[in-house]
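Commentary on secondary and tertiary structure
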Amino acid sequence: MEFEPLRAGMEQAVPFNGHVGLEIVEVSLGRGVARLPDDQALRNHTGSQHASALFAVGEAASGAALAAVFVEHLPRLELSPEGAEISYKKIPRGPITATGVLGSDPETLLADLDRDGRVAFATDVSLTDGAGDVVADMTVRWLVRQEL
């Protein structure tokens, strides 16, 4: 399946992401990649990327990772993050790339959704700088349910 239209649509679907200049780089089955630019407006008092911007790019990558799994059902689904944890590892400088990966088998998620009308699961996200160094790790817990 071709996910380019989904990737392009995701950039427009979440207006907040446009405010910080997030780019959805990749959407594939169970994997999503988002990029945060190196922009003076996104920095904190120390001159590094702001923690809130890191959280935003991580959540975006997480959402991209799950979108491809549910793409055929999206018009009738509600996708809601239930919670997230982020661990900062290194001072984040320069552009940041967030890679989200589902922690569950896509076929199992779809079967659970069909059976129960809802499914809860987590995605793991790694955030790296331009040198490939991990600056943060994140886990986002999602609830996907059929709209009533």
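Our structure's up above, just so we're on the same page.
This text gives an overview of the structure that appears in the document. (Residues numbered from 1 in each chain as written. Predicted model: local features only at pLDDT ≥ 70, side-chain atom pairs only at ≥ 80, totals over all residues. Heavy atoms only, no water.)

**Some words on the environment of leucine 143**
Tracing the backbone shows leucine 143 in strand β6 (residues 134–146). Distance in space between the C-alpha atoms of leucine 143 and glutamate 11 is 21 Å, their sequence separation being 132 residues. Setting aside residues no more than four positions away along its own chain, leucine 143 makes contact with Glu78, Leu79, Ser80, Glu82, Arg118, Val119 and Ala120. (Helix = DSSP H or I, 4+ residues; strand = E, 2+ residues; numbered from the N terminus. Contact = heavy atoms within 4.5 Å.)

**Thoughts on the nonpolar core**
In this structure, Val27, Leu36, Val57, Phe70, Phe121 and Leu127 are the most contacted members of the largest nonpolar core, which totals 38 residues. Listed by contribution, the elements that provide at least two residues to this core are α1 (4–13), β1 (23–28), β2 (31–36), α3 (51–70), β4 (96–102), α4 (106–116), β5 (118–128) and β6. With 12 residues, the single largest contributor to this core is α3. Residues in contact with valine 27, not counting those within four places in the same chain, are Phe3, Leu6, Arg7, Met10, Ala64 and Ala68. (Core = buried A, V, L, I, M, F, W, Y, C linked by side-chain atoms within 4.5 Å. Buried < 20%, exposed > 50% of the residue type's maximum accessible area, 1.4 Å probe, protein only.)

**A look at α1**
Listed as buried for α1 are Leu6, Arg7 and Met10. Seen from one end, α1 has its buried residues packed into an arc of 100°, which puts them on one side. Those residues of α1 that are exposed and aimed more than 90 degrees away from the buried face are Pro5 and Gln12. (Arc of directions from axis to C-beta.)

**Examining the side chain of serine 48**
Within the secondary structure, serine 48 is located in the loop between β2 and α3. You can call serine 48 buried: its relative accessible area is 4%. Discounting residues that sit within four places of it in the chain, serine 48 has contacts with Leu42, Arg43, Ile91, Pro92 and Arg93.

**Quick notes on the layout of surface pockets**
The volume enclosed by the largest pocket comes to roughly 320 Å³. Looking at the largest pocket, it is lined by 15 residues, and the ones nearest its centre are Met10, Ala13, Val14, Gly63 and Leu79. Every element with two or more residues in the lining of the largest pocket is listed here: α1 and α3. Its residues assigned to classes, the lining of the largest pocket comprises 11 nonpolar, 3 polar and 1 charged. (1 Å grid on protein atoms, 1.4 Å probe; cavity = no way out; pocket = protein on both sides within 12 Å on 5 of 7 lines; lining within 4 Å. Points joined across faces, edges and corners; volume = space filled by probe spheres on them. Nonpolar A, V, L, I, M, F, W, Y, C, P; charged D, E, K, R; others polar.)

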